[in-house]
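# Fold and geometry: a report
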Amino acid sequence: MLISIAFVTQSDPQTTAHNPNPLSDATIRLVVFVVIVSVVFLWISMDLYSMALPSGSNTFFPVWSYESDPNSDLNDDDFPPTEDPVWLLGIKYSSLHELDDLRSDVKSRIWITYRKNFVGIGGPNGLTSDSGWGCMLRCGQMALAQALSIRHLSRDWRWTKSFTLESDLQYREVLKLFEDKRNSLYSIHQIALMGASEGKPVGNWFGPNTIAQVLKKLAAYDKCNDIVIHVAMDNMVVIDEIS
């Protein structure tokens, strides 16, 4: 099954779908539309890290892992009690009545952030940290990681400390795609070097369109996940272009 992932790269948060022909199962099998991930974990980073995660015992993963620190948990005041709904990637929660479910969902999202002490990008003398310039690259990784998580695990899947089920093993396979090393398809290395071929030297900031175009090119080499990334321009997703 071929999955089409659409990135809308304009600044206007309102996007529209234009469908000149009636949509039917015969014209499109499945479309996963990904809105760039709202980085709900950024405030956590201020408490846990100083700009970049050290390599520690896990050199390659730029992902915050509850497995690596079993005593870690969200704070008691992470979601203040309110009558207003809390939305997380399309699912509505109540912080008064569904706090445990909300926390479980937050823990199950793949959060990718700045790292340091990884293998140099482009060679031994290359940059070994993306602190200060890798923000959009990491956001792109998170958006794609979320899409792949839905692709393989479904939106209802939840992370647990027991990696025994087939779905948990598939989760690890998704994480491996984003390891901080050259031979991981969607690593900071691959993204930065592909950006260099697009005129963005390693260490320069990316804009939303640049990261979307780079991921689109890298996805062409992804033979395992069977996905195509479509970059939607002008704040519009045209169904015929992705069917």
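The notes below deal with the structure included here.

About the criteria used
- Residues numbered from 1 in each chain as written.
- Predicted model: local features only at pLDDT ≥ 70, side-chain atom pairs only at ≥ 80, totals over all residues.
- Heavy atoms only, no water.
- Helix = DSSP H or I, 4+ residues; strand = E, 2+ residues; numbered from the N terminus.
- Buried < 20%, exposed > 50% of the residue type's maximum accessible area, 1.4 Å probe, protein only.
- Contact = heavy atoms within 4.5 Å.
- Areas by Shrake-Rupley, 256 points an atom, 1.4 Å probe, with all protein chains shown as cover.
- Salt bridge = Lys/Arg side-chain N within 4 Å of Asp/Glu carboxyl O.

### Quick notes on the overall build of the protein
The secondary structure content of the protein amounts to 7 helices and 7 strands. Listing every helix and strand of the protein by position from the N terminus yields β-β-β-α-β-β-α-α-α-α-α-β-β-α. When each of the 243 residues of the protein is scored for burial, the buried share is 44%. Long-range contacts, defined here as pairs at least 24 residues apart, represent 68% of the contacts in the protein between residues at least 6 apart. Put simply, the protein shows about 13000 Å² of open surface, and 53% of that area lies on carbon and sulfur atoms.

### Some remarks on the environment of S197
Here S197 shows up in helix α5 (residues 188-197). Assessed through its relative accessible area of 53%, S197 is described here as exposed. Distance from S197 to V214, taken between C-alpha atoms, is 9.4 Å for residues 17 residues apart in sequence.

### Re the pattern of salt bridges
Per the counting criterion, the structure on display carries 10 salt bridges. Between R103 and D78 there is a salt bridge; the shortest N-O distance is 3.0 Å. Separated by 25 residues along the polypeptide, R103 in helix α2 (residues 99-108) and D78 in the loop between α1 (42-48) and β4 (86-88) bring together distant segments of the chain. Since its relative accessible area comes to 15%, R103 is described here as buried. The closest approach of N and O atoms between D105 and R158, which form a salt bridge, is 3.4 Å. One end of the pair, D105, is in helix α2; the other, R158, is in the loop between α3 (135-153) and α4 (166-176), and 53 residues separate them in sequence. Here the salt bridges do not stand alone but share partners, grouping D105, R109, R155 and R158 into one network.

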